[in-house]
Amino acid sequence: MTIDDALRAYASGHSSAKETKERTGLDYAQVLDGLGRLNLRVPPPAFDGPDGDALRESADRFTAFLKQAR
Amino acid sequence: MADYGLIVFDASPLITLAKAGELDVLLRQPLPIIIPDAVYREAANPSYDDGVRIMEWIETNQARVRTANTRAGLQQDILLKNGVRATDLGEAAAIEVTDRFLADNPDNRVALIYEDAGVRKRERDPRVDIFSTASFLHAMEGGGYIQSADQILEQASQAGRNVAEQKAMHTPEPGAGLLAQFRNARTGSTGLLDTTPNSLHKPPDEPSPTQGQTRGRSR
């Protein structure tokens, strides 16, 4: 797997930031620069994994808290 | 209504926001922000521009942003003094800070901001909600604190995009050398017929007008 393949896997949500750093030998700031070079960016919120429901519940709860705190 | 008491950050989300030039969006939400010591060492690295930016931001906003000492941070310190690069201790330090806070504030919740929230198993205290940078920013957007989470995420990788564009601009088109010779022969090198952008004529190490957007030293 090349560095660019690893960056694409991260941007598409198929691997974690930690895995990407391990595979590429880059630190996180370099990962961000690499994403930009490939015209990609940080992956969107993921709610479809094994913990997807719990993560969505957390996001909804925190959003409600922030709305109320305004 | 959930009663959040704290936001704890790992290094990657801070680096993302620093690169986007948007650390200040964190101050728009009402909760105190804790940066564990091991996270601080990783994120506020003075060798890099975004690290300096994080360091200055924490110093400037001490009323809202605090660092916290941890056992993981102490361990990291010892390893560093012995020349061992200690990675991933930021995560352990963040968990330590979270557990300590919840022991003292059992009725509160904590928002823990990691880059890898989406793939992390939730084995922790049910009072801890874990967010990736993207999901945290989308919650901020949903709460009406920022206009566009996507815009900030886009800005975070803009530096790398600018570098790629700069490289593309400095890469001559096939046959460009021959074309330049032809032009020079016709014009006597006066450049009168030369319509190529000025940036193409600069030596590669000379900054071009857009190069300032790359935020200087990168990690």
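Anything mentioned here points back to the structure above.
An account of the accompanying structure is given in this report. None of these values were measured; they are calculated from a predicted model.

## Digging into the overall build of chain B
Thinking step 1. A tally of regular secondary structure across chain B gives 9 helices and 5 strands.
Thinking step 2. Ordered by position from the N terminus, the helices and strands of chain B form the series β-α-β-α-α-β-α-α-β-β-α-α-α-α.
Thinking step 3. When contacts within chain B are restricted to residue pairs at least 6 apart in sequence, long-range pairs at least 24 apart make up 65% of them.

## Notes on the overall build of chain A
Thinking step 1. When helices and strands are tallied, chain A shows 4 helices and 0 strands.
Thinking step 2. Listed by position from the N terminus, the elements making up chain A come as α-α-α-α.
Thinking step 3. For a compact globule of 70 residues, the expected C-alpha radius of gyration is about 11 Å, and chain A comes in at 15 Å, more than 25% above that figure.
Thinking step 4. Along the first, second and third principal axes, the C-alpha set of chain A runs to 45 × 30 × 20 Å.
Thinking step 5. Taking all 70 residues of chain A together, 41% fall into the buried category.
Thinking step 6. Here the analysis covers contacts within chain A between residues at least 6 apart in sequence; of these, 41% occur between residues at least 24 apart.

## A short note on the interface of chain A and chain B
Thinking step 1. Facing 37 residues of chain A, the contacting portion of chain B comprises 46 residues.
Thinking step 2. Among the elements that line the side of chain A that touches chain B, the one with the most residues is helix α4 (residues 52-69) of chain A, at 12 residues.
Thinking step 3. Residues of the side of chain A that touches chain B, tallied by class, amount to 18 nonpolar, 10 polar and 9 charged.

## What about the packing of α4(A) against helix α6 (residues 133-142) of chain B?
Thinking step 1. Where α4(A) meets α6(B), the closest approach of the two axes is 8 Å, and the angle between their N-to-C directions is 40°. The element α4(A) and its partner α6(B) pack so that their crossing is right-handed. Where α4(A) approaches α6(B), its residues A:L55, A:A59, A:F62, A:T63 and A:L66 are matched on the opposing element by B:S135, B:A139, B:M140 and B:G142.
Thinking step 2. Grouping the amino acids of the contact of α4(A) with α6(B) by side-chain chemistry returns 6 nonpolar, 3 polar and no charged.

## Let's talk about the sheet that holds strand β5 (residues 128-131) of chain B
Residues and elements named next belong to chain B.
Thinking step 1. What the 5 strands build is an open sheet, ordered β3-β2-β1-β4-β5; its pairing is parallel. Across the chains shown, the open sheet's two edge strands, defined by having one partner strand only, are β3 (65-68) and β5. Across the sheet, the mean angle separating the axes of adjacent strands is 25° when strand polarity is ignored.
Thinking step 2. Here 5 bridges tie strand β1 (residues 4-9) to strand β4 (residues 109-113), and the two strands are oriented parallel to one another. Bridge pairing in β4 links Y4 to R109.

## Things to note about unusual backbone geometry
All names here are of chain A.
Thinking step 1. You will see that N39, though not glycine, has its phi angle at about 65°, which is positive.
Thinking step 2. Its place among the elements puts N39 in the loop between α3 (28-37) and α4.
Thinking step 3. Accessibility expressed as a C-beta count within 10 Å gives 11 for N39, which makes it exposed.

The rules behind these values
Residues numbered from 1 in each chain as written. Chains lettered and ligands numbered in written order. Predicted model: local features only at pLDDT ≥ 70, side-chain atom pairs only at ≥ 80, totals over all residues. Helix = DSSP H or I, 4+ residues; strand = E, 2+ residues; numbered from the N terminus. Contact = placed C-beta atoms within 7 Å. Rg over C-alpha atoms; globule rule 2.2 N^0.38 Å. Buried ≥ 20, exposed ≤ 12 C-beta atoms within 10 Å, placed from the backbone. Nonpolar A, V, L, I, M, F, W, Y, C, P; charged D, E, K, R; others polar. Axes fitted to C-alpha atoms, helices over the stretch in contact; angles between N-to-C directions. Left-handed = near helix turned anticlockwise from the far one by under 90°. Pairing = 2+ DSSP bridges.

Nothing here speaks to function; it is geometry throughout.
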